[in-house]
2 protein chains.
Amino acid sequence: MLHRERLSPPRYVYPGDEWKIIEKQFYPDFIGQMETIFALSNGYLGMRGTFEEGRPFYNHGNFINGFYESWPIVYGEKAYGFAKTGQTIVNLHDLKIIRLFVDDEPFFLPTADLKEFTRTLNMKEGTLTRDLLWEMPSGKLVSIKSTRLVSFEHRHLAVIHYEVTVLNSTAPVVISSEITPHRTIRGTDGDPRDTRVFREKVLNPRAKIAEDMRLILGFRTQNSLMSIGCGYEHTLDTDNPVTWESESSDDDGRVVFTVEAQPKAPVRITKWMSFHTSRKTPPEDLCKRAERTLFRAKRNGFKAILDSQKQFLADYWRVCDVRMVVNEGRGGRSAEEWQQAVRWNLYQLCQASVRAEGAGIPAKGLTGDGYEGHYFWDIEIYVLPSLIYTTPRIAKNLLQFRHSMLEKARQRARDVNQKGALFPWRTINGDEASAYYAAGTAQYHINADIMFALKKYVQVTGDFDFLYREGAEMLVETARMWRDIGFFSARKNNRFCIHGVTGPDEYNTVVNNNAYTNLMARENLWFAAGTVEDLQRKDAGLYQSLVDKTGLEYTEVEEWRRAANNMYIPYDEELGIHPQDDSFLDKKEWDIEGTPEDKFPLLLHFHPLVIYRHRVIKQADLVLALFLLSHEFTEEEKARDFDYYDRLTTGDSSLSVGIQSIVASEIGQHKKSVEYARYAVLMDLADIGGNVGHGCHIASIGAAWMVLVYGFAGMRDQNGRISFNPRLPEACSLFRFCLMIRNSLLQIELRPETAAYRLLEGEHLTIYHAEKKVELTPGAAEVVCAYAATPSA
Amino acid sequence: MLHRERLSPPRYVYPGDEWKIIEKQFYPDFIGQMETIFALSNGYLGMRGTFEEGRPFYNHGNFINGFYESWPIVYGEKAYGFAKTGQTIVNLHDLKIIRLFVDDEPFFLPTADLKEFTRTLNMKEGTLTRDLLWEMPSGKLVSIKSTRLVSFEHRHLAVIHYEVTVLNSTAPVVISSEITPHRTIRGTDGDPRDTRVFREKVLNPRAKIAEDMRLILGFRTQNSLMSIGCGYEHTLDTDNPVTWESESSDDDGRVVFTVEAQPKAPVRITKWMSFHTSRKTPPEDLCKRAERTLFRAKRNGFKAILDSQKQFLADYWRVCDVRMVVNEGRGGRSAEEWQQAVRWNLYQLCQASVRAEGAGIPAKGLTGDGYEGHYFWDIEIYVLPSLIYTTPRIAKNLLQFRHSMLEKARQRARDVNQKGALFPWRTINGDEASAYYAAGTAQYHINADIMFALKKYVQVTGDFDFLYREGAEMLVETARMWRDIGFFSARKNNRFCIHGVTGPDEYNTVVNNNAYTNLMARENLWFAAGTVEDLQRKDAGLYQSLVDKTGLEYTEVEEWRRAANNMYIPYDEELGIHPQDDSFLDKKEWDIEGTPEDKFPLLLHFHPLVIYRHRVIKQADLVLALFLLSHEFTEEEKARDFDYYDRLTTGDSSLSVGIQSIVASEIGQHKKSVEYARYAVLMDLADIGGNVGHGCHIASIGAAWMVLVYGFAGMRDQNGRISFNPRLPEACSLFRFCLMIRNSLLQIELRPETAAYRLLEGEHLTIYHAEKKVELTPGAAEVVCAYAATPSA
């Protein structure tokens with residue numbers, strides 16, 4: 001149950017446009033929100049959409065994925081095995097700053113008389129542009145245009161093209177292009193979802209290159225000892241008389257252009273920005289690397305970078321686009337608005353992932369530092385499905401990234417007295433960084449979540465080489481952890497029980513037999529056993545290598561199967577539902593209806609003990625299992641379970657609505673499914689959670705893709721069998737998207753009563769429409785299948 | 001089950017003596033232990049038994065009860081309602097230091113050639129004396145004698161009488177009597193039971209009086225803004241030529257006596273020390289108060305203070321002594337050793353409580369800063385019974401102290417979203433200071449524990465005035481909390497259930513229906529309802545006053561009764577036991593036998609989640625209820641419950657053995673009872689827990705008194721009916737003690753088959769021997785009752 005009244009009034013202020021997010025006026029109240037929505041990123045480098053002039057702002061975010069500072073976690077009372085070292089993504093120096101003075105008056109948005117204001121995120125071109133027309137009290141009209149991009153092609157490069165024209169007069173124009181250290185003005189008291197604010201200095205100056213209009217500074221972090229080189233170079237293009245001077249310290253710098261602006265004669269400055277980071281390389285060397293990046297970019301020019309950006313996105317959209325035509329009629333959103341919202345979500349998936357390369361995907365991508373830039377299970381359960389089906393190379397990178405952390409996961413398992421490996425609930429560098437075990441370390445399910453994603457990746461791509469070389473090692477260690485943590489309970493008919501864990505729902509912690517955990521652990525165990533058996537049969541050499549790496553004994557495999565086959569799955573005969581855990585039904589139900597709107601999310605208004613002693617959930621838990629392990633439940637069970645849990649779900653987490661929409665769709669609750677789908681798709685653009693200023697919710701965005709593909713198109717892909725059961729919302733007249741399946745590119749085009757399947761690229765493919773087998777052959781025409789229109793809600 | 005092998009080898013190094021604890025040689029390895037054992041305190045001022053010369057030492061502890069520094073609790077991840085401010089008892093300036101130089105050579109215990117060494121805690125005189133004979137490499141023989149006391153009569157006063165005599169030569173003797181700030185050299189990493197170490201300055205100098213041999217310094221604490229004045233004055237008495245000079249800064253000082261010592265001519269220095277503290281009074285004023293205390297003490301002289309100390313203790317022992325004659329035979333402890341150990345425990349009760357006045361009793365008394373000097377439920381459940389029966393005025397002070405915190409307890413209840421009041425789990429100033437809610441705030445049972453002690457106090461003393469004026473207000477607010485936190489559960493036959501709490505056993509946290517909590521909450525509710533009803537009937541004025549103070553509505557009382565009468569008490573038909581909580585029996589049993597000895601206590605070697613998911617307990621929980629609410633269980637239930645839980649108890653807490661001994665005794669397991677009783681009585685003197693260096697375990701000491709009275713004498717006092725069922729251990733030939741009951745002083749003298757009851761003072765008294773009523777009349781002879789000798793174990 002999601003209380004619509006409780007949701008913040010939708011702050012969706014963007015005129016409908018299929019490829020652009022456009023802001024038509026300056027909204028002082030939405031500064032934080034807009035910085036997130038207009039953030040640019042390539043998965044490695046991220047810059048929030050702050051204004052060039054630097055003020056006003058909510059959070060000058062400039063981030064490198066995986067570039068963090070560490071700090072000792074202090075506990076009021078600590079205990080054995082508590083995580084020791086926190087990690088927080090560093091908010092870097094801001095290179096975007098370009099201050100403008102005309103007639104020595106600073107340009108300042110909140111007080112400027114703006115005749116025109118347009119900010120546009122162009123998702124086809126990969127740019128953020130701003131067009132302003134400023135009328136000064138003196139009557140002078142100044143046009144200010146900027147175009148900003150973070151390059152997809154050149155991972156370490158960002159650029160701002162800045163153009164000022166005094167239209168109706170001459171005027172002295174001063175443009176100060178700067179690099180400034182990050183300064184915190186926000187506190188974060190009270191909201192555990194925000195980042196940590198460092199009061200102490202994080203980046204220590206270590207190197208510097210300063211020449212002409214170029215400045216590159218090198219730093220090392222205080223505790224984590226990571227290094228960075230970052231800086232700028234400029235290209236100046238104008239017919240006006242200009243002088244300029246540079247100045248810099250070890251920690252900041254600026255190039256100040258002084259222009260005698262003539263009427264209608266533009267001043268154009270291209271500010272090239274580069275960031276290089278490393279764990280080992282000295283800052284001096286990184287400065288040199290940044291210098292080379294800047295040289296090359298400047299030599300090729302702005303047009304070239306614009307073209308490469310456009311080309312990169314053309315390739316992206318060819319596979320990843322979702323075309324949707326929705327006619328909601330009067331009072332509803334326009335078709336352009338729906339298409340816009342869908343594409344914005346897809347664009348964020350691109351921005352968060354395409355150049356991550358060796359890192360994970362932070363909970364907020366690189367659009368903000370909420371959750372400290374940590375990697376959670378969000379990657380595997382919410383984001384990887386879309387990547388597996390559209391950009392499998394990136395999905396593989398992310399799984400490889402987990403594999404690179406395996407040794408630390410082994411150590412973490414030992415730290416908490418378990419065998420095998422335990423992946424960290426939240427981390428940047430592989431060490432557990434959760435300082436609240438009840439909603440952190442206790443979420444052992446992350447082991448199974450990662451293995452679930454591995455299985456999907458292998459089944460969809462056919463990449464058994466990765467499975468056998470790297471996946472199998474993770475499978476052995478995770479299976480060991482499950483076997484070790486659980487036990488065969490005499491009081492439960494010798495079923496295999498897992499106690500003292502927290503499932504996805506963080507409003508019920510440290511419980512026994514969380515159904516989601518047990519179900520997913522069973523999958524983990526089965527997949528591990530099956531993989532080891534296959535490997536032994538198929539490749540003696542790789543099998544031996546696995547044994548060498550893990551000390552595997554074959555009897556372990558039998559133990560895994562025994563545990564999995566006897567896994568205890570809670571079920572209540574009376575209610576006909578799967579209780580979320582052993583004590584869930586015993587609790588007093590939370591009075592959601594009677595809770596004032598301003599008391600949500602509950603976690604900000606109630607002591608954890610109060611929440612834990614009630615039957616209330618933050619987010620889909622058992623319902624998530626209904627979706628992920630759809631084949632393990634009957635239709636009736638799904639319907640009963642969904643009805644039971646939907647009512648108890650506050651939706652205080654953004655991870656909920658997408659999953660609820662998919663399950664509602666499957667069980668025929670179309671009205672509810674569409675309602676939840678709206679929330680999922682609009683979560684960030686309409687700031688439904690009220691905290692998009694912290695960054696966008698990448699997991700929710702991944703869920704939005706799943707809503708479309710698993711919900712509306714009704715795809716299911718258990719054990720590699722791909723089927724579609726379309727359930728197009730009534731208002732939708734066209735819905736078209738593509739999936740990459742084992743090197744084949746499949747296009748699915750749905751209309752209200754027909755589904756057309758076409759192989760755009762690749763080999764022969766067998767899929768299912770409802771229960772009907774559909775064979776798709778290269779070069780052949782599309783196969784059109786009929787289905788019953790989704791009934792009116 | 002307590003693994004004897006797991007216990008540290010008993011470090012009981014004191015020759016048997018009925019009234020003294022004597023150390024016959026210097027034990028370098030036992031420094032921390034000895035500092036605790038020889039600590040002096042009057043309940044307000046405490047000084048650890050460090051040596052006068054200041055080195056070697058483990059912890060220079062100088063404490064004032066309730067004098068704390070506060071600090072913001074930092075959480076790695078915080079949540080709503082978490083305690084905000086930590087409090088730690090301040091380790092004050094050390095005034096005890098008296099350094100000695102002979103021939104300019106410093107006297108240093110570890111390297112000195114000692115011909116004699118005796119340290120004696122004299123429990124009859126209230127002094128700590130040290131007699132040394134030092135042979136210097138030059139052949140000079142130096143006698144060093146000191147007598148130290150913390151005055152019971154004069155709350156702010158301590159004194160050291162120091163005497164040096166060069167026996168066989170002349171020699172220059174320098175005696176430097178000092179005050180030095182506390183300097184931390186210990187870390188506390190890893191043990192959550194230790195104190196917090198402040199790295200920053202806590203005491204800021206604010207005032208100073210320096211004159212002649214007198215120095216008094218005034219300070220204010222950095223954060224808590226408490227003030228203190230402390231200092232010394234000296235009396236010099238010698239026939240030797242002496243010069244002396246004083247020097248001081250704002251933070252330290254010394255008086256240096258230079259003596260031309262003649263053979264056999266002693267130098268006697270009396271060092272008077274005083275501490276005055278306050279929350280409000282300026283340090284300047286406190287320095288003046290200290291000065292007055294010092295003047296008066298010096299004027300009266302050392303003999304007077306010794307006499308007053310002796311007189312105070314004579315009064316104490318007259319009521320509080322427990323005489324015990326034990327003959328264990330060969331290989332056992334001597335009668336003197338048993339008497340000594342018993343008296344040391346009783347002496348600690350005196351030291352911890354007699355002049356507390358307005359404060360509580362810290363977990364370690366004032367013998368150390370373990371647990372940060374915090375007050376826990378230890379006071380009410382473990383220590384108050386002995387005080388109620390021996391020094392009821394002090395028991396009342398402690399209950400009044402809780403009442404003085406009621407407003408903060410009301411606020412704390414609101415902080416955690418509950419009605420009524422919630423007393424803090426650990427505190428100094430009344431604010432919750434527990435930074436780990438699972439073993440802190442979740443221990444709601446503290447509310448019921450305090451009310452349980454209140455009931456016992458009223459029933460034993462007959463002080464209904466206190467009950468109606470102050471107790472009733474606490475009863476109303478605690479009952480409200482219970483009614484609010486629980487609910488009538490349809491799944492439990494509409495029984496009243498209490499979820500999400502932690503019982504006394506901290507190895508099972510945040511559970512549903514902890515049996516102890518539910519039983520004690522029921523008592524709390526019944527007592528509250530009964531008291532309000534009585535008050536309404538008996539005293540309309542006081543009733544109205546209660547209504548005014550609490551906004552009580554009479555329907556609430558009915559609600560409390562309804563909740564209490566329908567309280568759910570877990571019971572397992574199959575095992576015939578009371579499960580500790582709803583999920584206790586479902587857990588996997590911990591393999592105690594298979595756990596290596598060095599892995600205890602578990603809390604220092606296993607992650608809390610690992611402990612929580614197993615069936616293992618740290619300390620008596622349900623077994624404590626068997627004792628406190630003995631009348632609620634049948635004999636058979638007690639026997640089955642005890643057997644079940646005894647096996648699962650690690651005894652990782654010192655709170656366990658005493659309670660287990662009492663219950664074992666009641667159900668006839670005499671061998672086990674005596675074994676546990678030994679551990680209870682010897683806990684600190686033999687350093688059974690291995691951490692007596694942190695301070696002595698006052699709760700365990702209180703439990704030792706209960707082992708004697710409730711265990712061996714078999715006293716039960718449910719609802720004011722006082723009965724005895726003696727179960728004297730086989731080896732015990734005489735056991736005599738007194739109880740104050742409603743202003744009557746009752747002496748109980750047990751011999752193996754007879755019990756003699758005599759009224760020493762006061763009014764007629766009715767008690768029960770077994771089920772037989774015994775009427776005791778003033779002036780009458782003792783009543784002798786027979787009973788069957790305790791069977792051989």
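Here we summarise the structure given alongside this text. Everything numeric in this text was worked out from a predicted model, so none of it was measured.

## Section: the pattern of salt bridges
Argument step 1. Taken as a whole, this structure holds 126 salt bridges over all chains when the rule is applied.
Argument step 2. Across the pair B:K145 and B:D131 runs a salt bridge, and its minimum N-O distance is 3.9 Å. Placement of the pair is B:K145 in strand β11 (residues 141–150) and B:D131 in strand β10 (residues 127–135), with a sequence separation of 14 residues.
Argument step 3. Judged by its relative accessible area of 31%, B:D131 is partly exposed.
Argument step 4. If you follow the salt bridges from partner to partner, you end up with A:E407, A:R410, A:R414, A:E473, A:E477, A:R480, A:K549 and A:E556 in one network.

## Focus: the sheet that holds strand β27 (residues 744–751) of chain A
Residues and elements named next belong to chain A.
Argument step 1. With antiparallel pairing, the 5 strands of this open sheet are ordered in space as β20-β26-β27-β28-β31. For this open sheet the edge positions go to β20 (322–326) and β31 (783–786), each flanked by a neighbour on one side alone. Adjacent strand axes in the sheet meet at a mean angle of 15°, parallel and antiparallel pairs treated alike.
Argument step 2. As paired strands, strand β26 (residues 732–741) and β27 are joined by 7 bridges and run antiparallel to one another.

## Details of the side chain of B:H156
All names here are of chain B.
Argument step 1. Mapped onto the secondary structure, H156 falls in the loop between β11 and β12 (157–166).
Argument step 2. Side chain to side chain, H156 and Y44 meet in a polar contact 3.4 Å long.
Argument step 3. Setting aside residues no more than four positions away along its own chain, H156 makes contact with Y44, L45, M273, S274, F275, H276 and T293.

## A word on the interface of chain B and chain A
It is common to give the size of an interface as the accessible area lost on bringing the parts into contact.
Argument step 1. Across the boundary between the two partners, chain B contributes 52 residues, which contact 52 residues of chain A.
Argument step 2. Across the chain B to chain A interface the summed buried area is about 4,300 Å²; carbon plus sulfur atoms make up 54%.
Argument step 3. Three residues stand out in chain B for area buried against chain A, namely B:E77, B:H607 and B:R613, and they jointly supply 17% of the buried area on that side.
Argument step 4. Between A:R491 and B:D586 there is a salt bridge, and its shortest N-O distance comes to 3.0 Å.
Argument step 5. Seen at the junction of chain B and chain A, the total is 18 residue pairs in polar contact (both at pLDDT 80 or more).
Argument step 6. At 4 residues, helix α12 (residues 608–612) of chain B tops the list of elements feeding residues into the side of chain B that touches chain A.

About the thresholds
- For every chain, the first residue of its written sequence is number 1, and the numbers climb from 1 along that sequence.
- Key to labels: chains lettered from A, ligands numbered from 1, both in the order written.
- Two thresholds apply to this predicted model, a pLDDT of at least 70 for residue-level local features and 80 or more for giving and counting side-chain atom pairs, whereas whole-chain, interface and lining totals are computed over all residues.
- To get the side-chain values, all heavy atoms of the structure are used, and hydrogens and water are removed first.
- Should a side-chain nitrogen of Lys or Arg be within 4 Å of a carboxyl oxygen of Asp or Glu, the pair is scored as a salt bridge.
- Elements are defined by DSSP. Helices are runs of H or I of four residues or more, strands are runs of E of two residues or more, and each kind is numbered from the N terminus.
- Per-residue accessibility, obtained with a 1.4 Å probe over protein chains only, is compared with the maximum for each type, and a residue is labelled buried under 20%, exposed over 50%, and partly exposed between these values.
- At least two DSSP bridges between two strands are required for those strands to pair.
- Here an axis means a line fitted to C-alpha atoms, over the contact stretch when the element is a helix, while the angle between two N-to-C directions is reported on a 0 to 180 degree scale.
- Whenever a nitrogen or oxygen atom comes within 3.5 Å of another N or O atom, the pair is scored as a polar contact, on the condition that within protein one atom can donate a hydrogen and the other can accept it, and that pairs from neighbouring residues in sequence are kept only if both atoms are in side chains.
- The contact rule is simple, with two residues in contact once any of their heavy atoms fall within 4.5 Å.
- Buried area: the sum, over both parts, of the accessible surface (1.4 Å probe) that disappears when the two are put together.

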